[in-house]
Amino acid sequence: MSEVLVLIDHVDGAVRKPTYELLTIAKRLGEPSAVFIGSSAQGAEVAEKVKQYGAEKVYVVDDAQIKGYLVAPKAEALQQLAEKTSPAAILIPSTSEGKEVAGRLAIKLESGLITDAVDVQGDGTTTQSVFAGNYTVQAKVTKGTPIITVKPNSAAPEESAGAGTVEEFAATISDSAKKAQIVASQPRKATGRPELTEAAIVVAGGRGTGGNFESVEGLADALGGAVGASRAAVDSGWIPHTFQIGQTGKTVSPQLYVATGISGAIQHRAGMQTSKTIVAVNKDEEAPIFELVDFGVVGDLHTVLPALTEEVTKRKG
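Given the structure is predicted, the values throughout are model-derived calculations rather than measurements.

**Student:** Just to check I follow, could you spell out the packing of aromatic side chains for this structure?
**Tutor:** Per the counting criterion, the structure on display carries one aromatic pair. A centroid spacing of 4.2 Å and a plane angle of 25° characterise the contact between Tyr 20 and Tyr 53, whose relative ring orientation is stacked. Of this pair, Tyr 20 sits in helix α1 (residues 17–29) while Tyr 53 sits in the loop between α2 (43–50) and β5 (57–62), and the two are 33 residues apart along the sequence. In terms of burial, Tyr 20 and Tyr 53 fall into one category: buried.

**Student:** Would you mind going over the pattern of salt bridges with me for this structure?
**Tutor:** Opposite charge on two side chains allows them to pair when their charged atoms are near. This structure, assessed with the given rule, holds 16 salt bridges. Linking Glu 100 and Arg 104 is a salt bridge whose minimum nitrogen-to-oxygen distance equals 3.2 Å. Of this pair, Glu 100 and Arg 104 are both found in helix α4 (residues 96–109), four residues apart, which corresponds to roughly one turn of the helix. In this structure Arg 104 comes out as partly exposed when scored by relative accessible area, which is 37%. Lys 314 is paired through a salt bridge with Glu 311; the nearest N and O atoms lie 3.8 Å apart. Of this pair, Lys 314 and Glu 311 both sit in helix α8 (residues 301–316), three residues apart, which is roughly one turn of the helix. Relative accessible area serves as the criterion here: at 55%, Lys 314 is assigned to the exposed category. Note on Glu 311: relative accessible area 31%, which makes it partly exposed.

**Student:** Mind showing me how you'd approach the pairing of strand β1 (residues 3–7) here?
**Tutor:** For a regular strand, side chains alternate in direction, first toward one face of the sheet and then toward the other. Here β1 lies mainly inside the structure; five of its five residues are buried. Here β1 shows two buried faces, one formed by Glu 3, Leu 5 and Leu 7 and the other by Val 4 and Val 6. Of the strand pairs in this sheet, β1 and strand β4 (residues 31–38) are connected by five bridges, and their pairing is parallel. Across the sheet, residue Leu 7 finds its bridge partner in β4, namely Val 35.

**Student:** Would you explain the sheet that holds strand β11 (residues 165–168) in this entry?
**Tutor:** As summarised here, the arrangement of the nine strands in space is β9-β8-β7-β10-β6-β1-β4-β5-β11, forming an open sheet in which the pairing is mixed. Every other strand in the sheet has two partners, leaving β9 (135–139) and β11 as the edge strands with one partner each. Here the average twist between neighbouring strands, direction ignored, is 35°. Here strand β7 (residues 113–120) runs beside strand β10 (residues 147–150); their pairing, made up of three bridges, is parallel. For Ala 117, the partnering residue across the bridge sits in β10 and is Val 150. Sheet strands in contact with α1 are β1, β4, β6 (89–93), β7 and β10, and its direction is about 165° off that of β1.

**Student:** Where do I start with the side chain of Ser 275 in this structure?
**Tutor:** Mapped onto the secondary structure, Ser 275 falls in the loop between α7 (266–269) and β15 (277–282). For Ser 275, a relative accessible area of 7% puts it in the buried group. From its side chain, Ser 275 meets the backbone oxygen of Met 272 in a polar contact 2.6 Å long. Residue contacts for Ser 275: discarding those within four places in its chain leaves Val 252, Ser 253, Pro 254 and Tyr 257.

**Student:** Help me understand the pairing of β9 in this model?
**Tutor:** Across the five residues that make up β9, only a small minority, zero, are buried. Where strand β8 (residues 126–130) meets β9, five bridges bridge the pair, whose relative direction is antiparallel. Looking across to β9, one finds that Thr 126 is bridged to Ala 139.

Conventions we followed
Residues numbered from 1 in each chain as written. Predicted model: local features only at pLDDT ≥ 70, side-chain atom pairs only at ≥ 80, totals over all residues. Heavy atoms only, no water. Phe/Tyr/Trp six-rings, centres within 6.5 Å; stacked < 30°, edge-to-face > 60°. Helix = DSSP H or I, 4+ residues; strand = E, 2+ residues; numbered from the N terminus. Buried < 20%, exposed > 50% of the residue type's maximum accessible area, 1.4 Å probe, protein only. Salt bridge = Lys/Arg side-chain N within 4 Å of Asp/Glu carboxyl O. Pairing = 2+ DSSP bridges. Axes fitted to C-alpha atoms, helices over the stretch in contact; angles between N-to-C directions. Contact = heavy atoms within 4.5 Å. Polar contact = N/O pair within 3.5 Å; in protein donor to acceptor, adjacent residues only side chain to side chain.

Here it is as C-alpha cells:
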C-alpha cells in the first residue's frame, strides 16, 4: 500500500486537531505517514500522539535550517521527501500557510493541486464549496502526485493504532528559499478558546449585538467554542478583524454554528454555510439567515443567549 504524506499542523510540538482529521482521511487513500517539521528533540513525543490516529511512519525534518523563514523551505523539504517516498497523495491543512506551501510544492513536483476540500474519497475525489458557497463541486487530480489541502472539521478524527516509526529526514534547503525571513513577531493573547478556523463550535455575533459581545462570549465559553463576527460588527469597530467570518474574512466549517444578530448576507454565508448544524437567533423573522438554518429562534439575542448559557451550564454541572 502506498504512503500518504500528512503535514503535521502544530505549535511548538503541540499537535493540532486538523492533523488527526487528515490522518483519518489519509487511511482512505493508503498508508498514513506523518511529516513533522520542527525540533528533532520533539519528534518522539509527536510520534506518540499521531500514531494513535494511524500514522505508520513519522518523518522528522529538523527545522534548524527552516525556522525563522517563510514557507519556501517547508515546500522544499516536502518536495525532497515526496521524491524519495513517491506517495499516493499529500494532505496539508487548509491554513493560509498550508495553502502557500501546497502551491509551491505543486509547482516543484509538477503535480495537480486542490485547495479547501471539505471531503476526500478513497479514490482521491474531493468535494469543494465554491463561488461563495453557491455550488458544491467534485474534482480529482489527474497529473502527478495529488496535493490536497483540507479544511478543518471535514472529518471526525478516528483513533487507529499505527506503528509510529520515527525516521529522521535531512532536507537540503537552498539559499533562494531563505530570501524571506521573519525578523519579528507578536504572539496572540491567549483567550483559552479554540482557534476559530479549527473550532468544532462557533458562536458568532453581528450588527444585532449593538457592540455588546458579552452574551456571545458567554455562550461560546459555556459550549467550549470559538467566537466569531460578521463584517458589520468588525466594520463598526466592535471586534477585531481576526474574528471576521465571511467572504473577506475567515471560512469555518464547525459541527455547530450559532449566528446571533446576523442577517445572513451572502458574503457572510460564504464563510460558514458548510457548517454541519446551523442555529440562528435574530429579532427579524424575515432575516435571510433563516433560509439556511437547521434551527431558528426569533428573539432578542441579549435575552435568548443568557438563558441558553444558563441551561448549558446547568446541564454540564
